[in-house]
Amino acid sequence: QVQLLESGGGLVQAGDSLRLSCAASVRPFRIYAMGWFRQAPGKEREFVGAISGSGGNTYYADSVQDRFTISRDNAKNTAYLQMNTLKPEDTAIYYCASGITVATIGDGYWGQGTQVTVSS
């Protein structure tokens, strides 16, 4: 049904930057909140950040605060996660998700994930 497609992951060194993209088929895209989550090997999936449908409100996990920025381009039906000053502990599969509200993103649609690997 609804598809979310993440892209932009890769292998980088500590201190580098990456920009992840999430192309969404949900319509109208502008009314859906979008979120990013990640899961490292042997660990539970954790919240990274979220953005409201209008883009007016953003939320971040403490672990990425001041380093990551979530944004969206509603004209392109795409959400982004700009990751700066990457650390080895950021290594994980990053997932994009959507929901009617920020609080319900976890109950909505999920992408397949994109791998981010940060070497020291």
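Residues numbered from 1 in each chain as written. Predicted model: local features only at pLDDT ≥ 70, side-chain atom pairs only at ≥ 80, totals over all residues. Heavy atoms only, no water.

## Here's the deal with the nonpolar core
Then, number 1: Counting 28 residues, the largest nonpolar core has Met34, Trp36, Phe68, Leu81, Met83 and Tyr94 as its most contacted members.
Then, number 2: For this core, the elements supplying multiple residues, two or more each, are strand S3 (18-24), strand S4 (33-39), strand S5 (46-51), strand S7 (68-73), strand S8 (78-83), strand S9 (92-99) and strand S11 (114-119).
Then, number 3: For this core, the element with the highest residue contribution is S3, accounting for four residues. (Core = buried A, V, L, I, M, F, W, Y, C linked by side-chain atoms within 4.5 Å. Buried < 20%, exposed > 50% of the residue type's maximum accessible area, 1.4 Å probe, protein only. Helix = DSSP H or I, 4+ residues; strand = E, 2+ residues; numbered from the N terminus.)

## Considerations on the packing of aromatic side chains
Then, number 1: Taken as a whole and judged by the stated rule, the model has two aromatic pairs.
Then, number 2: Both rings, one in Phe37 and one in Phe47, keep their centres 5.7 Å apart while their planes meet at 75 degrees; by these two values the pair is edge-to-face. Here Phe37 is found in strand S4, whereas its partner Phe47 is found in strand S5, with 10 residues between them in sequence.
Then, number 3: Exposure remark for Phe37: the relative accessible area of 13% places this residue in the buried category.
Then, number 4: For Phe47, a relative accessible area of 32% translates into the label partly exposed.
Then, number 5: Plain terms: the ring middles of Phe37 and Trp110 are 4.7 Å apart, the flat faces sit at 50 degrees to each other, and that makes the pair tilted. You can see Phe37 sitting in strand S4 and its partner Trp110 sitting in strand S10 (residues 109-110), a full 73 residues away along the chain.
Then, number 6: One cation-aromatic arrangement involves Arg45 over Tyr95; the distance from NZ or CZ to the ring centre is 4.3 Å.
Then, number 7: In this structure, Arg72 is placed above the aromatic ring of Phe29, and the distance from its NZ or CZ to the ring centre is 4.3 Å. (Phe/Tyr/Trp six-rings, centres within 6.5 Å; stacked < 30°, edge-to-face > 60°. Lys NZ or Arg CZ within 6 Å of the ring centre and 35° of its normal.)

## Regarding the pairing of S5
Then, number 1: Relative to S5, S4 runs antiparallel, the two sharing five bridges. What sits directly across from Phe37, in S5, is Phe47.
Then, number 2: Where S4 folds back onto S5 in an antiparallel hairpin, the turn is made up of six residues, including Gly42, whose phi is positive at roughly 75 degrees.
Then, number 3: Two strands pair when backbone bridges link them, and S5 and strand S6 (residues 58-60) are joined in this way by three bridges, in the antiparallel orientation. (Pairing = 2+ DSSP bridges.)

## Topic: the environment of Asn74
Then, number 1: Considering the arrangement of structural elements, one finds Asn74 in the loop between S7 and S8.
Then, number 2: When the C-alpha atoms of Asn74 and Phe29 are compared, they prove to be 6.4 Å apart, with 45 residues separating the residues in sequence.
Then, number 3: Among all residues touching Asn74, those that are not within four sequence positions of it are Phe29, Arg30, Gly53 and Ser54.
Then, number 4: Side-chain polar atoms of Asn74 contact the side chain of Arg72, separated by 2.7 Å. (Contact = heavy atoms within 4.5 Å. Polar contact = N/O pair within 3.5 Å; in protein donor to acceptor, adjacent residues only side chain to side chain.)

## Some points on unusual backbone geometry
Then, number 1: Omega for the peptide link from Arg27 to Pro28 comes to -10 degrees, which places this bond in the cis form.
Then, number 2: Note on placement: Pro28 falls in the loop between S3 and S4.
Then, number 3: The phi dihedral of Asp66 is positive, around 80 degrees, even though this residue is not glycine.
Then, number 4: Among the structural elements, Asp66 can be located in the loop between S6 and S7.
Then, number 5: Despite not being glycine, Asn77 shows a phi value in the positive range, around 55 degrees.

## As for the sheet that holds S7
Then, number 1: One open sheet accounts for four strands, arranged S1-S3-S8-S7; its pairing is antiparallel. Looking at the sheet topology across the chains shown, the edges are occupied by strand S1 (4-7) and S7. Direction aside, the axes of adjacent strands within the sheet are offset by 15 degrees on average.
Then, number 2: Pairing between S1 and S3: four bridges, direction antiparallel. Bridge pairing in S3 places Leu5 opposite Ala23. (Axes fitted to C-alpha atoms, helices over the stretch in contact; angles between N-to-C directions.)

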